[in-house]
Amino acid sequence: MDRLESLIKVVLIDIDNTLLSFTGYVKEAMRDGFSFFGLKPYTEDMFPVFEKINNSLWGQLEQGTLTFAELEKCRWDLIFKELEIDFDGKVFEEYFRDRLFYSAVPEDGAVDLLKYLSSKYTLCAASNGPYEQQINRLKIGEMDEYFTCCFISSQIGAQKPGRQFFDHCFRVLRETEYPDLAPEEVIIIGDSISSDISGGRDYGMHTCLYQKSENSERSDHGAEHVVKSLAEIKNIL
């Protein structure tokens with residue numbers, strides 16, 4: 001047995017763009033939503049605009065300089081301004097969030113990985129986002145049964161990569177599963193360098209970056225392990 005495999009007791013795993021494809025959902029929602037509201041047709045060059053603005057806002061959220069309510073109020077107004085679309089962003093945000101609540105497009109190999117990990121470790125979701133939405137999406141995707149705990153930022157009152165988020169995770173795990181659980185006995189898996197990898201590394205956990213996009217490679221990611229597919233994680237754990 002590999003040393004890491006024998007050391008790890010708990011696996012924390014992100015949801016969006018790790019288990020469920022947020023990118024796929026966004027493109028679908030933009031295409032269908034623009035048609036539904038009679039806006040100009042969606043084209044693939046519009047997605048990078050969403051990605052740039054959304055990532056910037058989530059970065060502010062992670063840093064504590066923006067609330068989720070504030071993000072919801074301004075996100076689509078900012079996107080529509082750059083796309084030169086004259087429409088109420090708050091109306092589209094409501095449409096966008098309502099659809100997301102029922103969206104569960106799995107990443108390739110996600111369910112198979114959850115079956116594997118949950119048979120060997122205590123498996124917990126660790127996600128930034130609205131609690132009810134994330135739990136419902138896991139249920140629709142038939143993934144919820146594999147988790148011992150679901151740590152979601154809106155319920156915790158703190159975001160990854162903040163220390164408060166991980167303090168909560170460890171407090172619950174120590175009270176319910178492992179009284180002496182140490183950070184080096186936990187690995188976090190996710191697609192975000194800022195929230196998953198930096199947050200996990202700074203807390204003392206092992207880290208695994210899911211970086212499937214060829215054009216998103218970065219040498220300064222700081223992750224202990226990097227995989228291009230979820231199936232590769234079985235070689236680590």
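Residues numbered from 1 in each chain as written. Predicted model: local features only at pLDDT ≥ 70, side-chain atom pairs only at ≥ 80, totals over all residues. Heavy atoms only, no water.

Caption draft 1: Broad picture of the overall build of the protein. Looking only at helices and strands, one finds 10 helices and six strands in the protein. A compact globule built from 237 residues would reach a C-alpha radius of gyration of about 18 Å, and the protein, at 18 Å, matches this within 12%. Expressed along its principal axes, the backbone C-alpha trace of the protein runs to roughly 55 × 35 × 30 Å. With 237 residues in all, the protein has 52% of them scored as buried. Within the protein, residue pairs in contact and separated by at least 24 positions form 63% of the contacts whose partners lie at least 6 positions apart. Carbon and sulfur atoms form 47% of the exposed surface of the protein, whose accessible area is close to 11300 Å². Measuring between centres, the 25 positive side-chain charges of the protein sit 1 Å from its 41 negative side-chain charges. (Helix = DSSP H or I, 4+ residues; strand = E, 2+ residues; numbered from the N terminus. Rg over C-alpha atoms; globule rule 2.2 N^0.38 Å. Buried < 20%, exposed > 50% of the residue type's maximum accessible area, 1.4 Å probe, protein only. Contact = heavy atoms within 4.5 Å. Areas by Shrake-Rupley, 256 points an atom, 1.4 Å probe, with all protein chains shown as cover. Lys, Arg positive; Asp, Glu negative; His and termini not counted. Charge placed at Lys NZ, Arg CZ, Asp CG, Glu CD.)

Caption draft 2: The arrangement of the packing of helix H4 (residues 68-83) against helix H5 (residues 89-101) in detail. Across the interface, H4 lies against H5 with an axial gap of 8 Å and an inter-helix angle of 115 degrees. Considered as vectors, H4 and H5 are oriented roughly perpendicular to each other. Judged by the sense of rotation from one axis to the other, the crossing of H4 with H5 is right-handed. In this structure, H4 contributes Phe68, Glu72, Lys73, Arg75, Trp76, Asp77 and Phe80 to the contact, and H5 contributes Gly89, Lys90, Phe92, Glu93, Phe96 and Arg97. (Axes fitted to C-alpha atoms, helices over the stretch in contact; angles between N-to-C directions. Parallel < 35°, antiparallel > 145°, perpendicular 65-115°, else oblique. Left-handed = near helix turned anticlockwise from the far one by under 90°.)

Caption draft 3: Representation of the sheet that holds strand E6 (residues 225-227). Sheet architecture is open: six strands sit in the order E3-E2-E1-E4-E5-E6, paired in parallel fashion. Strand pairing shows two members of the sheet lacking a second neighbour, strand E3 (149-152) and E6, which therefore form its edges. When strand polarity is set aside, the average angle formed by the axes of neighbouring strands in this sheet is 20 degrees. Judged from the three bridges that link them, strand E5 (residues 206-210) and E6 form a sheet pairing that is parallel. (Pairing = 2+ DSSP bridges.)

Caption draft 4: Representation of the environment of Asp45 in the model. Its place among the elements puts Asp45 in the loop between helix H2 (22-36) and helix H3 (47-63). Residue Asp45 is classed as exposed on the basis of its relative accessible area, which comes to 57%. Distance from Asp45 to Leu83, taken between C-alpha atoms, is 10.0 Å for residues 38 residues apart in sequence. For Asp45, the side chain forms a polar contact with the side chain of Thr43, separated by 2.3 Å. (Polar contact = N/O pair within 3.5 Å; in protein donor to acceptor, adjacent residues only side chain to side chain.)

Caption draft 5: Structural view of the packing of H2 against H5. Between H2 and H5, the least distance of the axes is 10 Å, while the angle of their chain directions is 130 degrees. By the angle between their axes, H2 is oblique relative to H5. As for the relative orientation of H2 and H5, their crossing is right-handed in sense. Contacts between H2 and H5 involve Phe22, Tyr25, Val26, Glu28, Ala29, Met30, Asp32, Gly33, Phe34 and Phe36 from the former and Phe92, Tyr95, Phe96, Arg99 and Leu100 from the latter. Classifying every residue of the contact of H2 with H5 gives 11 nonpolar, one polar and three charged. (Nonpolar A, V, L, I, M, F, W, Y, C, P; charged D, E, K, R; others polar.)

Caption draft 6: Expanded view of H5. Its 13 residues give H5 an end-to-end C-alpha distance of 18 Å, which sits within 8% of 18 Å, the value for a rise of 1.5 Å per residue. Of all the residues in H5, the buried ones are Gly89, Phe92, Glu93, Tyr95, Phe96, Arg97 and Leu100. Buried residues belonging to H5 abut H2, H3, H4 and helix H7 (131-140). Capping the start of H5, Asp88 holds a side-chain oxygen 2.9 Å from the backbone nitrogen of Lys90, two or three residues further along. (Expected span 1.5 Å × (residues − 1).)

Caption draft 7: Just the side chain of Thr207, in detail. Note on placement: Thr207 falls in strand E5. For Thr207, the side chain forms a polar contact with the main-chain nitrogen of Glu224, separated by 2.9 Å. Look past the residues within four positions of Thr207 in its chain and what remains in contact with it is Ile187, Ile188, Ile197, Gly200, Arg201, Gly222, Ala223, Glu224 and His225.

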